[in-house]
Amino acid sequence: VAPNRWCVTRQDLIEFRCLVKKHVAEGRIAPTELDPFDPNDADVGPCVHTITKQLIVPVTEKAGNTSWALMLHPDGLECDLFVTHCWLEGIYEFIDKVLNSWPRGARHAYCCMLSNPQNLDIGDLLSIPRESPFALALMSARYMLVVPNRKCSIYSRIWCTYEAFIAYSESKFIFVATPPLKGALRRVCLLLALSFVTAIASSFLCSLSGPIPNLALRLIVDFVLFCVMLQSFLRASRAVQVVTHLAAVFGGMYVGYSVVAFARERSYRELADVARAFILCVSVAMAEADLLWSRQSVEEARNLRREFTGDLRDAKSSVESDREKILSELELFGQEHRVNLAIEVLLTSGMSTPALQAAAENVGLLEHAGYWSLSITSMIWVSWVSQSLGSILFAIMHYSNQLWQYERFHEESSKWGAVLFEGWCVCMRLEEVLERCKEYPEDQRCGAGCTMNHARIGHALPDMYFEFKSSPWESYCDPIERPVVPIANWHFWVFAFSCLQALVWLGRFKCQGKDMRGFAASAMVKLMGFFLVVTEAAISSIQVVIKRASGQSFDALLVQMQSLDRAQHVQMVGLHLVLAPLVLMLCFAGPGRTAKVPVLGRRVVRGLMMRWSCCCSRRAQEENL
């Protein structure tokens, strides 16, 4: 069986972890002087050296000195994923990281401790590095997964740096394995509980003191958006965490006030406020999990940098001849600088792919390029869609309401217009009768009036009525114009096009690789999110001015109302006609292609991927983490 088929599956790793845990509990895997692990520890476990010596070697020896992978799958499995590590990590830690970071689409993995026959001397297979089992398996794989440990950087070992060289020269996707987030669900639930308690207290106070003004609600929303948006511009720190908790408190206030308002008014507007409030609270709670995710990524990058000098020539090997062969091959191909760059991109960005390497050559290193905030990205995308779809639904509902009013009024005006006209005609004929009666003597006026009433008014009214139907009276009785269909308004198509772009962006984002998602999410969050926060703050400020100017002259109030209309128009045009197409184009282009755009490309990529620190130095930032 070829070395590129010495692979195991995800299920094999799960069962291997359970087997190790069972052997440790039974005492068949015991601590040693070199590995004094805690048998009760279920997070790290014994190191790979101990597992190989006390479990893999005895079991595979009974199976004919084959490898663990071939013992399970004698015909072998095609390699999709290559796992690189340096044997110093605990087995539980190793398996948890691999399972948690298993790339989508990968089915079988090459792990040297399980793939290589540990009972045989494979020194001859390593005499030519490029023909070694490691190189052959990595060449056939699509992904390479780097597993850090807490003791040293894997890139202080020469074979790991050589694997990085093969992965770079073969344009493989390199990712850093991270453990599953522990305690994230508990932290999210605690933050949701904080918002819930605040919502109950604010609703109780609101029921006692009366409804809160809409302007105060808008200011609360603006503050929550600002607090959540800080995560996209700042590195994870305790200060950002405090701001997130403060946003949870204000989000709970918004929920309480909006629920009370809906209970009083029972309108669609208040119902939309309630839905928006709950979305904000959930986004703030999810931001807590994003903070833990960001801290974990920084921790793994720190583990990869431990004892790594930045030059692969400083890497060590237990066999000096292997080190000399690998260095001579790297020098022969002249790829040392590019391999060092690929490793540095991996340490800084959390992954190393051809697209990120191309962007790094044009722009520089992109910090945490593979990281994106689920909470902020979801919130901004929902705001994008809700504004577009909400405007479309409002236009349709407004048209339906106007059409109903038009038809109702038209029906009523036709009915009552005829009645009023007949009464008007009777009054006019009576006035004519009275004028004619004046021509007769006083003793004959009564008879003449009755005769004219029966003889003339009855014949004259039908003619006068039909003559009146063509007069302006009908238009006077029906002053409401027929409403315009929403699709005839250009605003409707702007919102429809923007909603379509949001759906296309989501589909593209879902199909993208991990190396492109960070840039796509950052483009949407920083461009749209920042624009929304600024415009919402401007609209709130104008509303404050309008409220103060309510007691002033009508002209001053009219000027402020016009300013509010202009601000809302700028928000609509900027968000849906400018930023939406730009965000979609950046999503499709990615950081590598965007960086190649003349003049602005590098600045755009650097500005979108840049994150600032709250601390005065990098050391202080690491201490906070």
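Here, the structure is the one placed above.
Residues numbered from 1 in each chain as written. Predicted model: local features only at pLDDT ≥ 70, side-chain atom pairs only at ≥ 80, totals over all residues. Heavy atoms only, no water.

1. Things to note about the nonpolar core
Generally speaking, a soluble globular protein has its nonpolar side chains buried in company with each other. Counting residues in each nonpolar core, the largest one holds 89 residues, and the members touching the most others are Phe16, Val20, Ile91, Phe94, Tyr110 and Tyr155. Residue contributions to this core peak at 8 residues, all from helix H7 (residues 158-169). Once residues lying within four places of it in the same chain are set aside, the contact partners of Phe94 are Val83, His85, Glu89, Cys111, Met113 and Val147. Among the nonpolar cores identified, the runner-up in size contains 43 residues, and Cys227, Val255, Ala502 and Ala520 belong to it. (Core = buried A, V, L, I, M, F, W, Y, C linked by side-chain atoms within 4.5 Å. Buried < 20%, exposed > 50% of the residue type's maximum accessible area, 1.4 Å probe, protein only. Helix = DSSP H or I, 4+ residues; strand = E, 2+ residues; numbered from the N terminus. Contact = heavy atoms within 4.5 Å.)

2. Describing the sheet that holds strand E4 (residues 143-146)
Sheet architecture is open: 6 strands sit in the order E1-E3-E2-E4-E5-E6, paired in mixed fashion. In this open sheet, the two edge strands, each paired with only one partner strand, are strand E1 (8-9) and strand E6 (351-352). Alignment of strand E5 (residues 173-176) against E6, held across 2 bridges, turns out to be antiparallel. When the bridges of E6 are listed, Ile174 appears paired with Ser352. (Pairing = 2+ DSSP bridges.)

3. A closer look at helix H10 (residues 238-265)
Between its first and last C-alpha atoms H10 spans 41 Å; for 28 residues at 1.5 Å apiece the expected length is 40 Å, and the two agree. Of the residues trailing H10, Arg266 is marked for its positive phi of about 55°. (Expected span 1.5 Å × (residues − 1).)

4. Describing the layout of surface pockets
A water-sized probe, rolled over the atoms, reveals where empty space remains. Estimates place the volume of the second largest pocket at around 920 Å³. In terms of lining, the second largest pocket is formed by 38 residues, of which the most central are Phe175, Trp293, Met351, Gly370 and Lys514. Counting residues per element, the ones that place at least two in the lining of the second largest pocket are E5, helix H11 (268-305), helix H13 (336-349) and helix H19 (514-548). Along the lines of polarity and charge, the residues of the lining of the second largest pocket split into 19 nonpolar, 12 polar and 7 charged. (1 Å grid on protein atoms, 1.4 Å probe; cavity = no way out; pocket = protein on both sides within 12 Å on 5 of 7 lines; lining within 4 Å. Points joined across faces, edges and corners; volume = space filled by probe spheres on them. Nonpolar A, V, L, I, M, F, W, Y, C, P; charged D, E, K, R; others polar.)

5. Regarding helix H2 (residues 48-62)
Look at H2: 20 Å from first C-alpha to last across 15 residues, which is about the 21 Å you get at 1.5 Å a residue. Most pronounced at Ile56, the bend in H2 amounts to some 35°, and the proline Pro58 follows within four residues. Every buried residue of H2 is accounted for by Val48, Thr50, Ile51, Thr52, Leu55, Ile56 and Thr60. Where the residues of H2 are buried, they touch helix H1 (10-26), helix H3 (68-72), helix H4 (91-100) and helix H5 (112-115). After H2 finishes, the residue Gly64 shows a positive phi value of roughly 100°. (Bend = angle between axes of the 7 residues up to and from the residue.)

6. Thoughts on the packing of aromatic side chains
Under the defined criterion, the tally for this structure stands at 11 aromatic pairs. Pairing Trp293 with Trp372 gives two aromatic rings, centres 6.3 Å apart and planes at 75°, and the pair type is edge-to-face. In this pair, Trp293 sits in helix H11 while Trp372 sits in the loop between helix H14 (354-362) and helix H15 (374-437), placing the two residues 79 residues apart along the sequence. The class for Trp293 is partly exposed, based on a relative accessible area of 26%. What makes Trp372 buried here is its relative accessible area of 16%. With a centroid separation of 5.0 Å and an interplanar angle of 90°, the aromatic rings of Trp372 and Phe509 are classed as edge-to-face. Here Phe509 lies in helix H18 (residues 490-511) and Trp372 lies in the loop between H14 and H15, a separation of 137 residues in the sequence. (Phe/Tyr/Trp six-rings, centres within 6.5 Å; stacked < 30°, edge-to-face > 60°.)

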